[in-house]
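Each chain is listed here by its residues.
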Amino acid sequence: MAVIRSKIGIIGGGISGIAAAKQLAKYEPIVFEATNCIGGVWQHCSYRSTKLQTPRCDYEFSDFPWAQRDNTSFPTYQEILDYLDSYAQHFDVLKFVKFNSKVVEIKFVGDREMNYFGAYGSLLTGNPVWEVAVRTNQSETLQWYAFEFLVMCTGKYGDIPNIPNFPQKKGPEVFKGQVLHTLDYSKLDQEASTRLVKGKKVAVVGYKKSAIDLAVECAEANQGPDGQPCTMVVRTLHWTVPHYSIWGLPFYLFYSTRSSQFLHERPNQGLLRSMLCHMLSPMRRAASKSIESYLEWKLPLEKYGLKPEHPFEEDYASCQMAILPENFFSEADKGKILFKRTSKWWFWEGGVEFDDNTKLEADVVILATGFNGKKKLKAILPDPFRSLVEFPSGMIPLYRGTIHPLIPNMAFVGYLESVSNLHSAEIRCIWLSRLVDDLFKLPSVEKMLEQITQEMEIMKRTTRFYKRNCISTFSINHSDEICKEMGWQFWRKTNWLAEAFSPYNSHDYADAK
């Protein structure tokens, strides 16, 4: 087959891929989606109880508000999929999407010296830089495409489960019950998922949002005298929040306003501000302690041994704060959810064994152990770029959360986290579209690497969970820097009071001003 040429290719049809397609629509990009629908993790990694962890108004595109944006309830995964589909239909984005088209290989065909040193030039030069092999509908035949610019939107979650390593003869193969990952569980319909856990001794490994939601579904399926409890195997504790109110104050006042983020480190802050930030560190600790004391008062953390030893701020700074389902602890009080703290565990034929020499009998073990997004990237990137995906720190080095300085004519969207990943993806896609339009230029590779290193060092100083590439404690500053490069006004509110004490969201960036 002849190679099909186009200016821009986008890999992935989730939130980031659709946002990128909309912003780059003038170039008629080709979007490759491996499945038969858009939605990414919301489509393929959600349970029946999965909900957004923020109100609607904090998870919307700047030019496409929710129909009921003032509804304070958290939308279900199906509502989010409906919203994304409405967005794609409204802006006629679906015409760019090739469904059931899996990218299996990428080749670099550009100049091997391009964009490695000095200043970047125009990204669209008329010459192909990347060739992409695509398998459609599981066909044996590959279709090759050639692009001047490629946008990677495969995401950090989904597709490739993160499976723990086990000692020899202590892995899933010795267990006589059933082992599956949350990725497998999410593919089950309601009847099948209920049948899997009802009346069974279930162990859920993990204590993040997916594990918590799964434990509640398991408990709900095991009501009544014949129901079996679900045991959560917890290695690392994290702070959980019942709602967005702390001692009667809205949560955003603690971390999501300019005034609250002023207390935290940010890149390029200079000596004077660094000194001021150090002087204000007691106020940062006080804010974290205030939230911790509220959660200890509100939730039975001590009772169940679920109080983390690290400060709340470290979970917020690593985008790991989880909102609890309303009935989580009520199910624990009924004995339907149990907890087992451990540092190491492995399988035995009847269930799970721990490093304190205790054993847990189980019929089903579900691994809520996350995903390996970097492995997914490395599987399709060619050498030598595959080795550049992560620094020794474990983080993906991306300028403005989008451009890898050493990988030419390629962007990555959806790999940087914040309080609202949709907003993070959209504003970076807006920035990317203007970059492709040649409305501004990238700095030199050296300056981009310097900026990336500063951000990584801040993350490492703020939280022990820094490898997640989260900017939640300096997200407004990050958006400010993006606005400056685009020539936009970066103070987006109507008055100084709102600027200081109101939270920022996508709606503030609706107008290019």
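Below you will find a few notes about this structure. Here the structure is a predicted model, which is why all the values come from computation and not from measurement.

**Focus on a nonpolar patch on the surface**
At step 1: A cluster of nonpolar side chains, contributed by Leu249, Tyr252, Leu253, Trp496, Leu497 and Phe501, occupies part of the molecular surface with about 610 Å² of accessible area.
At step 2: Taken together, the elements giving at least two residues each to the nonpolar patch come down to helix H7 (252-255) and helix H17 (496-501).
At step 3: For the nonpolar patch, the element with the most residues is H17, which contributes three residues.
At step 4: Along the polypeptide, tryptophan 496 turns up in helix H17.
At step 5: Tryptophan 496 gets classed as exposed once you look at its relative accessible area, which sits at 63%.

**Side note on the state of the cysteines**
At step 1: Considering all chains together, one arrives at one disulfide under this definition.
At step 2: Between the sulfur atoms of cysteine 319 and its disulfide mate cysteine 470 the distance is 2.0 Å. Its torsion about the S-S bond being 70°, the disulfide of cysteine 319 and cysteine 470 is classed as right-handed. Of the two residues, cysteine 319 sits in the loop between helix H11 (312-317) and strand S13 (322-323) while cysteine 470 sits in the loop between helix H15 (445-462) and helix H16 (475-486), which places them 151 residues apart along the sequence.

**Thoughts on the side chain of histidine 181**
At step 1: Looking at the secondary structure, you find histidine 181 in strand S7 (residues 178-181).
At step 2: Polar contacts involving the side chain of histidine 181 include one to the main-chain amide nitrogen of leucine 183, which spans 3.0 Å.

**Notes on the nonpolar core**
At step 1: Among the nonpolar cores identified, the biggest contains 62 residues, and Val151, Trp431 and Leu432 are the most heavily contacted of them.
At step 2: Elements represented by at least two residues in this core include exactly strand S1 (4-11), helix H1 (15-23), helix H3 (77-90), strand S6 (142-152), helix H14 (421-436), H15 and H16.
At step 3: Of the residues forming this core, the biggest block, nine residues, is contributed by H14.
At step 4: Counting 48 residues, the second largest nonpolar core, distinct from the first, contains Cys218, Ala221, Met232 and Ile337.

**Topic: the packing of aromatic side chains**
At step 1: Throughout the structure, instances matching the rule amount to 38 aromatic pairs.
At step 2: Residues phenylalanine 108 and tryptophan 130 carry aromatic rings whose centres are separated by 5.1 Å and whose planes lie at 65° to one another, so their mutual orientation is edge-to-face. Remark: tryptophan 130 occurs in strand S5 (residues 130-136) and phenylalanine 108 occurs in strand S4 (residues 101-108); sequence separation between them is 22 residues. The exposure classification of phenylalanine 108 matches that of tryptophan 130, with both residues buried.
At step 3: With centroids separated by 6.4 Å and ring planes inclined at 35°, the aromatic side chains of phenylalanine 251 and phenylalanine 254 adopt a geometry described as tilted. Per residue, the accessibility class of phenylalanine 251 equals that of phenylalanine 254, and both read buried.
At step 4: A connected cluster of aromatic rings, assembled from ring pairs, spans Phe74, Tyr244, Phe251, Phe254, Tyr255, Phe312 and Tyr316.
At step 5: A cation over a ring is seen here: lysine 22 above phenylalanine 91, with NZ or CZ 4.5 Å from the ring centre.
At step 6: In this arrangement the basic side chain of lysine 170 is found over the ring face of tryptophan 346, its NZ or CZ atom lying 4.7 Å from the centre.

**Thoughts on the packing of H14 against H16**
At step 1: Axis separation between H14 and H16 bottoms out at 10 Å; the angle between their running directions is 20°. Looking at the two axes, H14 sits roughly parallel to H16. Seen along the crossing, H14 lies across H16 with a hand that is left-handed. Touching His423, Ile427, Arg428, Ile430, Trp431 and Arg434 of H14 are His478, Ser479, Ile482, Glu485 and Met486, all from H16.
At step 2: In the contact of H14 with H16, the residues fall into five nonpolar, three polar and three charged.

**Focus: the pattern of salt bridges**
At step 1: Enumeration according to the criterion identifies 31 salt bridges in this entry.
At step 2: Measuring nitrogen to oxygen at the nearest pair gives 3.7 Å for the salt bridge that ties glutamate 349 to lysine 176. Of this pair, glutamate 349 sits in the loop between strand S15 (345-348) and strand S16 (351-354) while lysine 176 sits in the loop between S6 and S7, and the two are 173 residues apart along the sequence.
At step 3: Taking the shortest distance from any N to any O, the salt bridge between lysine 201 and glutamate 361 comes out at 3.0 Å. Of the two residues, lysine 201 is situated in the loop between helix H5 (190-197) and strand S8 (202-205) and glutamate 361 in strand S17 (residues 359-361); the sequence distance between them amounts to 160 residues.
At step 4: Classification of lysine 201 by relative accessible area gives partly exposed; the value is 31%.
At step 5: Salt bridges linked by common partners bring Arg400, Glu481, Lys484 and Glu485 together as one network.

**Examining the sheet that holds strand S18 (residues 364-367)**
At step 1: If you walk across this open sheet you meet the five strands as S7-S18-S8-S9-S14, and the pairing is parallel. Looking at the sheet topology across the chains shown, the edges are occupied by S7 and strand S14 (337-341). Strand-to-strand twist across the sheet, computed as the mean angle between neighbouring axes with direction ignored, equals 20°.
At step 2: Here S8 pairs with S18 via four bridges, running parallel.

Definitions and cut-offs
- Residues numbered from 1 in each chain as written.
- Predicted model: local features only at pLDDT ≥ 70, side-chain atom pairs only at ≥ 80, totals over all residues.
- Heavy atoms only, no water.
- Patch = residues over 30% accessible without salt bridge, like charges linked within 9 Å, V, L, I, M, F, W, Y side chains within 5 Å.
- Areas by Shrake-Rupley, 256 points an atom, 1.4 Å probe, with all protein chains shown as cover.
- Salt bridge = Lys/Arg side-chain N within 4 Å of Asp/Glu carboxyl O.
- Helix = DSSP H or I, 4+ residues; strand = E, 2+ residues; numbered from the N terminus.
- Buried < 20%, exposed > 50% of the residue type's maximum accessible area, 1.4 Å probe, protein only.
- Disulfide = S-S within 2.5 Å.
- Polar contact = N/O pair within 3.5 Å; in protein donor to acceptor, adjacent residues only side chain to side chain.
- Core = buried A, V, L, I, M, F, W, Y, C linked by side-chain atoms within 4.5 Å.
- Phe/Tyr/Trp six-rings, centres within 6.5 Å; stacked < 30°, edge-to-face > 60°.
- Lys NZ or Arg CZ within 6 Å of the ring centre and 35° of its normal.
- Axes fitted to C-alpha atoms, helices over the stretch in contact; angles between N-to-C directions.
- Parallel < 35°, antiparallel > 145°, perpendicular 65-115°, else oblique.
- Left-handed = near helix turned anticlockwise from the far one by under 90°.
- Contact = heavy atoms within 4.5 Å.
- Nonpolar A, V, L, I, M, F, W, Y, C, P; charged D, E, K, R; others polar.
- Pairing = 2+ DSSP bridges.

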